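Results of the structural survey
If you want the building blocks of each chain, they are given just below.
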Amino acid sequence: MNKKIDQQSADNIRALAVAMVEKANSGHPGGPMGGADFMHILYSEFFNYDPSDMAWPFRDRFFMDAGHLSTLMYSQYYLLGNYAKDDIANFRQWGSITPGHPEVDVMRGIENTSGPLGQGHTMGVGAAIAAKFLQARFGDWMNHKIYGFISDGGIQEEISQGAGRIAGHLGLNNFIMFFDSNDIQLSTSTDEVTSEDTEMKYRAWGWNVLTIDGHDHDEIRKALTDANNETEKPTLIIGKTIMGKGAVAADGSPFEGYCELHGQPIGHTGADYEKTLLNLGADPEKPFDVFEEVNEFYKKLIADKTAKASKRKADISAWRKDNEELADKLDFFLSGKLPDLDFESIEHKAGLATRVASSNVLAYLAENVENMIVSSADLSNSDKTDGFLKKSSALQKGDFSGSFLQAGVAELTMACIANGIALHGGIIPVVATFFVFSDYMKPAIRLSGIQELPVKYVWTHDAFRVGEDGPTHQPIEQEAQIRLLEKLKNHSGKNSFLAMRPSDSVETSVAWKMALENTNSPSGLILSRQGIKDVPAQSKSRFKEALAAQRGGYLVKEVESPDVVLIANGSEVSTLVAAAEILENQNGLKVNIASIISEGVFRQQSKEYQNSVIPKNKPLFGLTAGLPVNLEGLVGDNGKVYGVDHFGYSAPATVLDEKFGFTGQKVSQQVLEYLNESVLAN
């Protein structure tokens with residue numbers, strides 16, 4: 001312990017954060033100035049990782065919630081050698097690796113993309129669950145910690161309730177979160193928006209809560225020691241800090257604790273930029289330099305941490321020699337690979353709802369994929385993830401031998417936790433709810449896409465055929481929203497999401513195959529509540545035919561020189577089959593039917609293949625239980641889409657099919673009207 005170097009290090013972090021924001025003329029300097037003391041003590045004395053092997057699976061992890069405090073992380077990691085001076089100087093600039101909010105970059109210490117408040121620490125809860133899951137299977141030596149950092153805004157964001165409840169309920173003693181409590185947020189002081197007792201709230205959720213002076217290094221040190229020794233509960237360290245700690249005015253007087261220091265360069269406030277740097281011990285002419293003594297301290301620190309990690313790795317190697325079978329299994333989990341799976345062997349009864357077919361697949365996966373955590377928002381018996389639960393058990397405080405997370409009614413929290421599980425690595429996360437409630441999950445789905453995480457989303461009750469539940473439970477616009485993500489590219493240049501709506505049980509098996517094999521982006525299965533007539537096989541094996549769905553779309557019914565091509569996905573495909581029978585038997589037409597399970601994948605195929613399924617020189621008719629835009633891009637300007645352009649109504653599904661025009665008879669009439677209009681137009 002060296003009080004002088006500790007203070008210099010914290011002040012160096014402050015000065016760097018101030019300089020980064022000032023040069024960029026954009027950012028949030030006040031919070032990093034307040035949180036600098038905690039960050040230095042955490043990383044210098046408690047945080048276990050290998051500076052020479054940043055992706056070491058058994059490292060501690062730090063999850064930032066307050067993404068606007070990115071300069072706090074960049075400054076700390078600069079001292080640790082993860083960034084160069086030019087990286088720090090180019091904060092928020094084009095092509096910079098120090099963007100305005102942290103973007104996942106494990107090799108530089110950034111474990112998660114953060115910015116939307118509340119999601120960062122919730123992902124940390126997910127990582128803590130993942131660590132407990134692996135520890136239960138491979139031994140208590142897997143005892144790394146997950147640290148979180150949250151601000152007043154994150155504490156207020158509603159998702160924090162879900163994260164706090166679940167972490168406390170599960171007794172995640174491996175999760176330690178620092179609350180930078182400076183009583184200031186972007187536009188007000190906190191007393192203008194809340195009067196809650198945060199300490200009592202977290203205690204009620206089952207947390208260990210410690211309140212300290214967030215600038216007193218001894219108090220920080222003791223709190224982190226106590227938190228690391230906690231065996232039953234997650235720990236919240238409430239650090240009372242000062243916004244803009246160290247800032248001074250032009251006359252040298254303190255200028256701290258003001259709201260205006262939160263979200264703009266301090267040179268735009270009552271504080272003075274150069275005087276503040278001088279007050280912190282920095283040279284205004286060289287604001288991005290590391291202080292000489294701090295530099296020497298951190299060089300030794302990096303060497304010490306590398307040596308400590310090396311000793312830890314030697315201990316793990318000894319465990320591997322004594323537990324070769326377990327070690328091989330652990331390596332397999334961490335590889336992200338799948339075991340050999342035989343989806344064709346999964347049996348389905350005739351005419352199942354695709355949610356029930358999915359349940360059959362999940363039951364198979366429960367017995368064949370050991371590193372999967374499935375979660376449901378209090379709907380497992382309705383979204384049919386209970387097929388997995390019946391072959392496993394729920395995760396519980398003190399017992400993480402199961403594989404099912406009962407999240408309760410908390411769709412957004414559940415999805416964020418899944419992102420954290422995926423970020424930790426070694427486990428495949430699956431989350432489920434009704435499709436209409438994907439609305440609640442959207443912020444987390446978006447971060448799944450941005451971070452390129454292979455989270456699997458299971459959405460059931462896919463259309464107005466939810467029936468008696470009424471318009472609140474009947475998705476109309478949701479498919480259009482989700483499929484927009486298939487059109488949106490991630491930073492790797494690939495589709496940011498894989499959305500699949502299978503037409504029957506066999507296609508559901510194939511959809512699960514596609515989801516599990518998709519390891520570079522999130523996947524979603526959109527499944528029916530009601531039973532669906534199976535698509536007739538054109539050969540001996542419906543499964544082998546359905547494997548063509550892996551190309552995004554294929555013909556489930558094909559004839560030579562068709563008069564019209566009918567296009568749909570999901571349960572509407574069977575409606576088209578019924579309509580085609582009428583058109584062929586009563587009207588003498590030749591009909592092809594295309595099932596387009598994923599337009600995003602279909603668009604990646606060659607133009608020749610796309611044209612073989614949906615020829616541009618033929619009349620094209622699309623049927624969708626959602627907004628017509630779902631299929632308009634596939635049928636083109638000369639085609640027609642029959643869809644729903646209004647909210648649903650409360651009535652039995654069969655009545656709604658009849659009223660909305662989704663029967664074989666009514667669709668055949670729609671097709672004939674379209675063909676007649678096309679003839680007249682020509």
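From a predicted model like this one, the values you see are computed outputs, not experimental measurements. (Residues numbered from 1 in each chain as written. Predicted model: local features only at pLDDT ≥ 70, side-chain atom pairs only at ≥ 80, totals over all residues. Heavy atoms only, no water.)

Side note on the sheet that holds strand S1 (residues 61-64)
Selection rule: Any two strands between which DSSP finds at least two bridges are classified as paired. Only DSSP runs of H or I reaching four residues or more are called helices, and only runs of E reaching two or more are called strands; each is numbered from the N terminus. Here the axes come from fitting lines to C-alpha atoms, over the contacting stretch only for helices, and the angles between their N-to-C directions go from 0 to 180 degrees.
Taken together, the 5 strands give an open sheet; going across it, the order is S1-S2-S3-S5-S4, and neighbouring strands pair in parallel fashion. The sheet terminates laterally at S1 and strand S4 (208-213), the two strands that pair on one side only. Geometrically, the sheet is characterised by an average inter-axis angle of 20° between neighbouring strands, direction not taken into account.

Points about the packing of aromatic side chains
Short version of the rule: A pair of aromatic rings is counted whenever rings of Phe, Tyr or Trp (Trp by its six-membered ring) have centres within 6.5 Å, and the orientation is called stacked for planes under 30 degrees apart, edge-to-face for over 60 and tilted otherwise. Summary of the burial criterion: residues with accessible area below 20% of their type's maximum are buried, those above 50% are exposed, and those between are partly exposed, where the area comes from a 1.4 Å probe applied to protein chains only.
As enumerated under the stated definition, the model contains 33 aromatic pairs in all. Taking 6.1 Å as the distance between ring centres and 40° as the angle between the ring planes, the aromatic pair formed by Tyr457 and Phe497 counts as tilted. Separated by 40 residues along the polypeptide, Tyr457 in strand S9 (residues 456-460) and Phe497 in the loop between helix H17 (478-487) and strand S10 (498-500) bring together distant segments of the chain. Residues Tyr457 and Phe497 agree in their burial class; the two are buried. Here the aromatic rings of Trp459 and Phe497 are separated by 6.1 Å at their centres, their planes lie at 20°, and the arrangement is stacked.

Looking at unusual backbone geometry
Even without glycine at this site, Asn25 takes up a positive phi of about 60°. Following the sequence through the fold, Asn25 ends up in the loop between helix H1 (3-24) and helix H2 (30-46). Residues other than glycine seldom take positive phi values, yet Asp183 does so here, at roughly 65°. Position of Asp183 relative to the elements: it lies in the loop between strand S3 (175-181) and helix H8 (198-204).

Remarks on the pattern of salt bridges
Counted only if it meets this: Basic side-chain nitrogens of Lys or Arg form a salt bridge, by our definition, when they fall within 4 Å of a carboxyl oxygen of Asp or Glu.
One pass over the full model with this rule turns up 36 salt bridges. Close ionic contact of Lys240 with Asp183 constitutes a salt bridge, the shortest N to O distance being 3.4 Å. In this pair, Lys240 sits in strand S5 (residues 235-240) while Asp183 sits in the loop between S3 and H8, placing the two residues 57 residues apart along the sequence. Residue classification places Lys240 among the partly exposed residues on the basis of a relative accessible area of 35%.

Some words on helix H12 (residues 324-335)
Just so we agree on the cut-off: Multiplying 1.5 Å by the residue count of a helix minus one yields the expected span of that helix. In this analysis, two residues are considered to be in contact whenever any of their non-hydrogen atoms come within 4.5 Å of each other.
With 12 residues, H12 extends 16 Å between its outermost C-alpha atoms, agreeing within 8% with the 16 Å of an ideal straight helix rising 1.5 Å per residue. Those residues of H12 that are buried lie in contact with helix H5 (119-138) and helix H11 (292-322). Positive backbone phi, at 80°, marks Gly336, one or two positions downstream of H12.

As for the side chain of Arg14
Rules: Here a polar contact is taken to be a pair of N or O atoms separated by no more than 3.5 Å, where protein atoms must pair a possible hydrogen donor with a possible acceptor and residues adjacent in sequence count only if both atoms sit in side chains.
Checked against the element boundaries, Arg14 lands in helix H1. Polar contacts involving the side chain of Arg14 include one to the side chain of Asp37, which spans 2.3 Å. A polar side-chain atom of Arg14 sits 3.5 Å from the main-chain carbonyl oxygen of Lys245.

Here we look at helix H9 (residues 217-229)
What counts here: In this description, one arc is meant: the one made by directions from the helix axis to the C-beta atoms.
Between its terminal C-alpha atoms H9 stretches 18 Å, which fits the 18 Å expected from 13 residues at 1.5 Å a residue. Taken as a whole, H9 has its buried residues at His217, Ile220, Arg221, Ala223, Leu224 and Ala227. Considered in projection along H9, the buried side chains sweep an arc of 165° and stay on one side of the axis. Opposite the buried face of H9, at more than 90 degrees from it, the exposed residues are Lys222 and Asn229.

A few points about the pairing of S9
Worth spelling out the cut-off: Look down the strands so they point away from you; if the path from the first strand over the helix to the second goes clockwise, the crossover is right-handed.
Burial of S9 is extensive: 5 of the 5 residues sit out of reach of the surface. Because side chains alternate across S9, one face comprises the buried residues Lys456, Val458 and Thr460, and the other comprises Tyr457 and Trp459, equally buried. As judged from the 5 bridges shared by strand S8 (residues 428-434) and S9, these two strands associate in the parallel manner. Paired with Val430 across the two strands is Lys456, which belongs to S9. Considered for its hand, the β-α-β crossover made up of S8, helix H16 (residues 438-451) and S9 is right-handed. Where S9 meets strand S11 (residues 523-526), 4 bridges bridge the pair, whose relative direction is parallel. In the strand pairing of S11, Val458 is matched with Leu525.

What about the sheet that holds strand S13 (residues 564-568)?
The strand order across the open sheet formed by 5 strands is S12-S14-S13-S15-S16, and the pairing between neighbours is mixed. Edge positions in the sheet fall to strand S12 (554-557) and strand S16 (640-642), since each has one partner strand and no second. Across the sheet, the mean angle separating the axes of adjacent strands is 30° when strand polarity is ignored. In the sheet, strand S15 (residues 620-623) pairs with S16 via 3 bridges, with the strands oriented parallel. Bridged to Leu623 within S16 is Tyr642.

Regarding the environment of Gln538
By the secondary structure assignment, Gln538 is in the loop between S11 and helix H19 (542-546). Under the relative-accessibility criterion, Gln538 is labelled partly exposed at 42%. Linking Gln538 and Asp37, residues 501 residues apart in sequence, is a C-alpha distance of 69 Å. The residues contacting Gln538, other than those within four sequence positions of it, are Glu545, Leu555, Val556, Lys557 and Glu558.

With respect to the pairing of strand S6 (residues 372-376)
Most of S6 is tucked away: 5 of the 5 residues are buried. With burial as the criterion, each face of S6 is covered, one bearing Met372, Val374 and Ser376 and the other bearing Ile373 and Ser375. Summarising the sheet, S6 and S8 pair through 5 bridges and their orientation is parallel. Within the sheet, the bridge partner assigned to Ser375 lies in S8 and is Val431. Pairing analysis gives 3 bridges linking S6 to strand S7 (residues 404-406), with the strands arranged parallel. Pairing of Ser376 across the sheet is with Gln406, part of S7.

A look at a negative patch on the surface
Stated precisely, the cut-off is as follows: Patches here: salt-bridge-free residues with over 30% relative accessible area, like charges joined within 9 Å, nonpolar side chains (Val, Leu, Ile, Met, Phe, Trp, Tyr) joined within 5 Å. Per-residue and other accessible areas were derived by the Shrake-Rupley procedure at a 1.4 Å probe size, with only the shown protein chains allowed to occlude residues. Only four residue types enter the tally: Lys and Arg on the positive side, Asp and Glu on the negative side; His and the chain ends are excluded. In this description, the location of a charge corresponds to atom NZ of lysine, CZ of arginine, CG of aspartate or CD of glutamate.
On the surface, a cluster of negative charge is contributed by Asp322, Glu324, Glu325 and Asp328. Counting residues per element, the negative patch draws most heavily on H12, at 3 residues. Residue placement: Glu324 occurs in helix H12. In this structure Glu324 comes out as exposed when scored by relative accessible area, which is 56%.

Describing the nonpolar core
Going by this rule: What we call a nonpolar core is a set of buried Ala, Val, Leu, Ile, Met, Phe, Trp, Tyr and Cys residues that are connected through their side-chain atoms within 4.5 Å.
Counting residues in hydrophobic clusters, the biggest one holds 77 residues, and the most contacted among them are Leu365, Met372, Trp512, Leu566, Ile567 and Ile593. With residues near it in sequence (within four places) discarded, Ile593 still touches Tyr554, Leu555, Val556, Lys557, Leu566, Val573, Leu576, Val577 and Ala580.

A look at the packing of H5 against helix H15 (residues 411-424)
The test is simple: By the definition adopted for this analysis, an angle is roughly parallel if under 35 degrees, roughly antiparallel if over 145, roughly perpendicular if from 65 to 115, and oblique otherwise. When the near helix sits turned anticlockwise from the far one by under a right angle, the crossing is termed left-handed; a clockwise turn instead gives a right-handed crossing.
Interaxial distance between H5 and H15 falls to 6 Å at its minimum, and their mutual angle equals 55°. Put simply, H5 runs oblique to H15. Judged by the sense of rotation from one axis to the other, the crossing of H5 with H15 is right-handed. Contacts between H5 and H15 involve Gln119, Thr122, Met123, Val125, Gly126, Ala127, Ile129, Ala130, Ala131 and Leu134 from the former and Thr413, Cys416, Ile417, Asn419, Gly420, Ile421, Leu423 and His424 from the latter.

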